[in-house]
Amino acid sequence: MSLQDFPLRLMETMKCWSSLHEYIVVFMFLTAVSRGSACEAPSSPECFRRNADESVYRCEWSINTTESDVTFDLYFNKTKFRNIKENWSEFNEEQLIKYRPVHIWVEAHVGNSSCTSTRRSVVLGHIVKYESPQNIKVSWLKNNLSLSWTAAERKPALVEIRFRRDGNPTESWEKRTTSTTSDSSMYHATVVNLLKDSAYQVQIRHRSTQALNPLWGDWSPVQTVPAELEQKPEVTMKTRLLNGTRKVTLTWKPMPRAAAVRGVMYHLNDTQSAHGCPCMKKRHPIGTHHHTTYISLSAVNISVTASNPAGISPPAVVQVPAEPATKIKTCEKTLVDKKLNKKTCLELYKLHDGDLWPANVITLTGRDKKEESKQKRRNIMDFVRYLYFEHRCYDGKPQTVQMCLYYQNENVPQSAPQELRAFGETHSFVNFSWKAIPTVDQQGFLTHYKLCSVKISSQDEQKECHNISASLTKHRLENLTPGAKYNISLVGVTRIGEGPEATLTINMLPEKPINVLWSLGLLFLFFFLTTVCTCTLKRIKNKVFPPVPKPVLPDFIPYQPESQEFLEKKEEKVHELTLHQLQPEGKSVPKEDEETTVLKGECDDGTDEDATNERDDSRISGRTSDECLSPDSIDEGLKSSREGEMTELEQLDNEIAMLIYRNGLVFDVKTDSP
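Residues numbered from 1 in each chain as written. Predicted model: local features only at pLDDT ≥ 70, side-chain atom pairs only at ≥ 80, totals over all residues. Heavy atoms only, no water.

A. Region of interest: the overall build of the protein chain. Helix and strand counts for the protein chain come out as 11 helices and 36 strands. Among the 674 residues that make up the protein chain, the fraction classed as buried is 33%. Within the protein chain, residue pairs in contact and separated by at least 24 positions form 64% of the contacts whose partners lie at least 6 positions apart. (Helix = DSSP H or I, 4+ residues; strand = E, 2+ residues; numbered from the N terminus. Buried < 20%, exposed > 50% of the residue type's maximum accessible area, 1.4 Å probe, protein only. Contact = heavy atoms within 4.5 Å.)

B. Structural context of the side chain of Q442. As for its placement among the helices and strands, Q442 is situated in helix α5 (residues 439–442). Residue Q442 is classed as buried on the basis of its relative accessible area of 9%. At 2.6 Å, the side chain of Q442 forms a polar contact with the side chain of R385. Residues within four places of Q442 in sequence aside, it is in contact with R385, Y407, N411, V412, P413, I437 and T494. (Polar contact = N/O pair within 3.5 Å; in protein donor to acceptor, adjacent residues only side chain to side chain.)

C. Highlighting the sheet that holds strand β28 (residues 385–394). Ordered by their spatial adjacency, four strands build an open sheet running β27-β26-β28-β29, and the pairing between neighbours is antiparallel. Unpaired on one side and paired on the other, β27 (361–365) and β29 (397–407) mark the two borders of the sheet. Averaged over all pairs of adjacent strands, the angle between their axes in this sheet comes to 20 degrees, without regard to strand direction. With five bridges connecting them, strand β26 (residues 344–350) and β27 associate as antiparallel partners. (Pairing = 2+ DSSP bridges. Axes fitted to C-alpha atoms, helices over the stretch in contact; angles between N-to-C directions.)

D. The arrangement of the pattern of salt bridges in detail. The tally for this structure, following the rule as stated, stands at 20 salt bridges. Measuring nitrogen to oxygen at the nearest pair gives 2.7 Å for the salt bridge that ties R205 to E160. Pair noted here: R205 is in strand β16 (residues 200–208) and E160 is in strand β12 (residues 157–165), with a separation of 45 residues, a long-range link. Taken as a pair, R205 and E160 share a single burial class, namely buried. Where E234 meets K253, a salt bridge forms, and the shortest distance between an N and an O atom there is 3.2 Å. Residue E234 is found in the loop between β18 (223–225) and β19 (235–242), and its partner K253 is found in the loop between β20 (245–252) and β21 (265–270); the two are separated by 19 residues along the sequence. A residue is classified by how much of its surface remains accessible, and K253, at 52% relative accessible area, is exposed. (Salt bridge = Lys/Arg side-chain N within 4 Å of Asp/Glu carboxyl O.)

E. Seen up close, the environment of E464. Mapped onto the elements, E464 comes out in strand β33 (residues 464–469). With relative accessibility at 46%, the residue E464 sits in the partly exposed group. Measuring from C-alpha to C-alpha, the distance between E464 and L451 comes to 8.4 Å, with 13 residues separating the pair along the chain. Filtering out sequence-adjacent residues up to four positions away, E464 remains in contact with L451, C452 and S453.

F. Representation of a positive patch on the surface. Together, K339, K370, K374 and R378 make up a region of like positive charge exposed at the surface. Checked against the element boundaries, K374 lands in helix α4 (residues 370–378). Residue class for K374 comes out partly exposed when judged on its relative accessible area of 38%. (Patch = residues over 30% accessible without salt bridge, like charges linked within 9 Å, V, L, I, M, F, W, Y side chains within 5 Å. Areas by Shrake-Rupley, 256 points an atom, 1.4 Å probe, with all protein chains shown as cover. Lys, Arg positive; Asp, Glu negative; His and termini not counted. Charge placed at Lys NZ, Arg CZ, Asp CG, Glu CD.)

G. Representation of the sheet that holds β19 in the model. Spatially, three strands are ordered β19-β20-β22 in an open sheet, and the strand pairing comes out antiparallel. The open sheet has two free edges, formed respectively by β19 and β22 (290–295), since each of these has just one partner strand. With strand direction ignored, the average angle separating the axes of adjacent strands in the sheet is 20 degrees. Relative to β20, β19 runs antiparallel, the two sharing eight bridges. Its bridge partner lying in β20, T236 is registered against T251.

H. Representation of the packing of aromatic side chains in the model. Tallied over the full model, the rule gives 14 aromatic pairs. Between Y407 and F445 the ring centres are 4.8 Å apart and the planes differ by 90 degrees, which places this aromatic pair in the edge-to-face class. Here Y407, found in strand β29, pairs with F445, found in the loop between α5 and β32 (446–455); they are 38 residues apart in sequence, far enough to count as distant. Taken individually, Y407 and F445 each receive the classification buried, so the pair is uniform in this respect. Feature note: the residues F76, F81 and F91 constitute an aromatic cluster, connected by ring pairs. (Phe/Tyr/Trp six-rings, centres within 6.5 Å; stacked < 30°, edge-to-face > 60°.)

I. Representation of the state of the cysteines within the structure. In the structure shown here, the tally under the stated rule is four disulfides. Two residues, C47 and C59, share a disulfide whose sulfurs are 2.0 Å apart. For the disulfide bridge between C47 and C59, the dihedral angle about the S-S bond is near 115 degrees, and by the sign convention the bridge is right-handed. Highlighted residues: C47 in strand β1 (residues 46–48) and C59 in strand β2 (residues 56–60), separated in sequence by 12 residues. Considered together, C47 and C59 belong to a single accessibility category, that of buried residues. Two residues, C331 and C404, share a disulfide whose sulfurs are 1.8 Å apart. With the S-S dihedral at roughly 95 degrees, the linkage between C331 and C404 falls on the right-handed side. One end of the pair, C331, is in the loop between β25 (316–320) and β26; the other, C404, is in strand β29, with 73 residues separating them in the sequence. (Disulfide = S-S within 2.5 Å.)

J. Here's a closer look at the environment of N479. Examined against the element boundaries, N479 turns out to sit in the loop between β34 (474–477) and β35 (485–494). Overall, N479 belongs to the exposed group, its relative accessible area being 74%. On a C-alpha basis, the gap between N479 and S428 in space is 5.4 Å, while along the polypeptide they are 51 residues apart.

In short, the description is geometric, and any link to function would need to be established separately.
Here it is, written out as structure tokens:
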């Protein structure tokens, strides 16, 4: 009887049962049968090895059920493996037939029912299925994403990669298949032409290229690949001096979001920790954007590096220079040759050009082994200047207790002062300047410079030397002989002795009795003062004695005759000239004094032009030439004038003089018709 006919026969039987107990038993039986009919067949099993060298086979299948008490039976031809609790099982190769075809299937048991998968024929020795990739590492190289994971075997494999940009769940997956390269333990694959400034979701699977029947391995879990950290952190620093130590606070900006999707860690390192100084322990990565640390007074480089699962950023190096000292002294006592305790650290910076870089430092600590300590001390060179630092660990912080300049052994300078030159020469002194001896050539502490001069004119001249401070690079040499020639030498001096000398020959200017410039200046000053005094005296004289104005005389323009005939024309006789005296107002003048003597005739025939000019002048001045007037006429006029009242005439003369002073001379000339 088949399973389909069974319900019909059961219904016929039920008609014959009359008791309730019989109905209950039949109902329970039908429920059990209905459950058995619901069993779904599992998938056909896959049996494989994890690699070609593996001796264990693994068989896997799947079933769609929610029951918890499911068991499986696995068949290899007639060989049966019973009561398997999981949907997989492993077998040693001795239990199986490896290199001949076998039929495999699985039977599932759910409660009282069972169902069987389809059968398949396989050669177990030809099937290899890799595990899903483990320990996946990613890194960016330009716009290419490099993937690496643990290799399944030494031989290359075929890999399938699928990816999409992070943050776009609706974006479809893009797949690429490529071959891997392998070394002893890792597979490597590259996905090209991506955007390195974007984050991606990535899955990979691979399979063997050597097996005859390889199977694709399972997909790896979805892994988010952050963007590349292209830029170094932007770090700012604040320092604070605290009793031989420095408090350093570092802050930096967060990385871009695409580079920080899986978090960013920051790594801090410093050169003192790398050299083993106490209190400067190696720091663990931090996830914050700030950090506070303590360092000594010597030069320290602190580097800050960001990292994410895709790589690390370039380091941001913060250089903390040595704390400047007002004046660094020479070391008097050091611990270089003594045994150090674990809380003491010595640093010796080799000074080539005065730069203090941690790369050129020798560090001695109490934790150094004996041979290591000896080797470090052998590295300290003779005749080389070092900046010596002595640090101690106090209260968990590095503290600098001594800073000075140190030579293990000294020597004389190796070179002379550079670029010695003279300038500003006069007849008695000259100035010198030079550049200091380089630190690397000093080979010891300079105590002073020695400047010597000797006159070339005589062999008996003695050398005269002057000691100059080692900190100076200029000097004036005085009290020299005018016009002489000198040989000059300059050397640097250490506690061991003198080094090479720089030489120079100078010629002094000859002495002059009077300086030309001073002479010209004094001469100019003399003329200036003379001019000022002259002008001042004239102004005083004009104020005290005002000048008497002179009468204004019109310019005489000689008449030029138009023709030669006029020149040859004889002079005409002079007409009668009448002289009048000016009378003051209200005064009467005697009638006999009113008229003057009339002169007739020519004074002299054949007078030249000079005589004519003299006559003109006589007319202007009111006087008559003795040659032109008759002596008798003059005597008569004078006598008649004197016979008048002398008192009135004197008063009149004074008034005329005043009139002439104020208004000038007045002439009244009368002529008679011929």
